[in-house]
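# Overview (structure and organization)
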Amino acid sequence: MTETPDKQANMQWGGRFAGGPSAIMQDINASIGFDRKLWRQDIRGSRAHAAMLATIGLLSPEDEHAIASGLEGIAAEIEAGTFAFDTALEDIHMNIEARLTDRIGEAGKRLHTARSRNDQVATDFRLWVRDAIDGLTAQIGDVMLALAQKGAHHAADPMPGFTHLQTAQPVTFGHHMLAYVEMLDRDRGRLADCRRRLNFSPLGSAALAGTSFPIDRHMTAAALGFEGPTANSLDAVSDRDFALEFLSAAAISAMHLSRLAEEIVIWCSAPYRFIRLSDAFTTGSSIMPQKRNPDAAELVRAKTGRVTGALVALLTVMKGLPLAYAKDMQEDKEPVFDAAEAWALSLAATAGMVRDMVPNTDRMRDFAGSGFATATDLADWLVRVLRLPFRSAHHVTGRLVATAEAKGVDLADLSLEEMQSVEPGITAGVFSVLSVEASVASRTSYGGTSPKNVLEQAEHWLTVLA
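I will try to describe carefully the structure that is included in this document.

Criteria and thresholds
- Residues numbered from 1 in each chain as written.
- Predicted model: local features only at pLDDT ≥ 70, side-chain atom pairs only at ≥ 80, totals over all residues.
- Heavy atoms only, no water.
- Pairing = 2+ DSSP bridges.
- Helix = DSSP H or I, 4+ residues; strand = E, 2+ residues; numbered from the N terminus.
- Salt bridge = Lys/Arg side-chain N within 4 Å of Asp/Glu carboxyl O.
- Buried < 20%, exposed > 50% of the residue type's maximum accessible area, 1.4 Å probe, protein only.
- Phe/Tyr/Trp six-rings, centres within 6.5 Å; stacked < 30°, edge-to-face > 60°.
- Lys NZ or Arg CZ within 6 Å of the ring centre and 35° of its normal.

Moving on, we get to the pairing of strand 2 (residues 166–172). Bridge count for strand 1 (residues 158–163) against strand 2 is six bridges, and the pairing is antiparallel. Residue pairing across strands places Phe 162 opposite Thr 167, the latter belonging to strand 2. Hairpin remark: strand 1 followed by strand 2, antiparallel, with two residues in the connecting loop; positive phi at His 164, about 60°.

Right, let's talk about the pattern of salt bridges for a bit. All chains considered together, the criterion is met by 24 salt bridges. Its salt-bridge partner being Arg 195, residue Asp 134 comes within 2.8 Å of it at the nearest N-O pair. Of this pair, Asp 134 sits in helix 8 (residues 117–153) while Arg 195 sits in helix 9 (residues 173–198), and the two are 61 residues apart along the sequence. Looking at Asp 134, the relative accessible area reads 37%, which means it is partly exposed. Linking Arg 188 and Asp 185 is a salt bridge whose minimum nitrogen-to-oxygen distance equals 3.3 Å. You can see Arg 188 and its partner Asp 185 sitting in helix 9, three residues apart, about one turn around the helix. Overall, the relative accessible area of 22% leaves Arg 188 in the partly exposed class. What makes Asp 185 partly exposed here is its relative accessible area of 26%.

Right, let's get into the packing of aromatic side chains. A complete count under the given rule lists nine aromatic pairs for this structure. Centre to centre, the rings of Phe 162 and Tyr 272 are 6.5 Å apart; their planes meet at 65°, and the pair counts as edge-to-face. One end of the pair, Phe 162, is in strand 1; the other, Tyr 272, is in the loop between helix 12 (241–268) and strand 5 (275–276), with 110 residues separating them in the sequence. Centroid distance Phe 246 to Trp 343: 5.9 Å. Interplanar angle 55°. Geometry classified as tilted. Note that Phe 246 is positioned in helix 12 and Trp 343 in helix 14 (residues 333–356), a separation of 97 residues in sequence. Among the aromatic residues, those joined into a cluster by ring pairs are Phe 125, Trp 128, Phe 242 and Phe 337. The ring of Phe 226 is capped by Arg 130, whose NZ or CZ atom sits 4.9 Å from the centre of that ring.

Dropping the structure here:
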């Protein structure tokens, strides 16, 4: 006689429950709709657990072989899309275990010896986040490479540097690109830190107190690539710091990508026209044929909300939970899965846009000198050559800017006599520092925007990222 789904579910729970769950309870309790993403990690963890049980004599070699073979067959079914996921079995763990028992019989029922779904899911989830970290770290490196390549190519091309979105001082486009390389390198560092802290195995912690079976947790930890087993069974099953840290790193990185996306949106706009994106990363308008909208950048900017929201959501889930496990923690996976997907897509789009964009170097150079952008160079000259105190030099420069502004000209267009009417010691040598090229070339301090510095830094990153 074929078992009904409710009876199948009850069989998993054992004899404790005589009646089936209500439809509403099934819906709210089931997680198979999203935690099926953990199937690879679940099978991997189960194979390591079975091998350990066989080593210590809790499984016969025949049962361990049957389990390994059965799990391999289940993996093939899931890969082929023929596996029948059953909501009545709640989650990926019970779905795989039930199918394993269908395939191999009694041996499948022995697999859950000395473990609980609590340590099982904690292990699976850590493995999934670790895999995600490895993939995302590679993606971040690709964006960094694209930025470093663009930075090397445009190491000497001036553009306006902004503070308060007002023209401040000239920088180079390459320098601007490398600023994001630094940000993304910190993002990689946060992921590396997260990976190091999560890389301990909860498997064998059982429900919350450990187990009376003589298991070898070091063996399963090593088999799964963990540094070792977790040291406290209560913490092991209830900890989601690794997921929160992952989401924190994701939120910071998504914010960095959003900042670049915002600049791309601005730079593409008609008033700026600093860069051009091709049709590959823009869309048109339904009624305005002239439009080229930077939709990829806008969507990268928007997806930051999803990633940040995922962090807040999981913090909210965890903030009031006593030790150890509570069903609330079933809500840990969806925000992590969604954030990882949004982050990965944003990284891919950003790498594509950086490689695709073509800077309008002539226009950027013209804007680089606007708004009296070389005023600081004038003040520095007064300090360096005339030995004026910087505050006095600042005051003199301010008066000269006011004079130029009143005449509707740049500082370099003032005559020597007009400058000397404000500060008699000024000589014709001052004009050598008032060009955009001279300004960027003079910024030779470590980390500065001089083309020599920028090219050296770009080449360093190209070597590191090769």
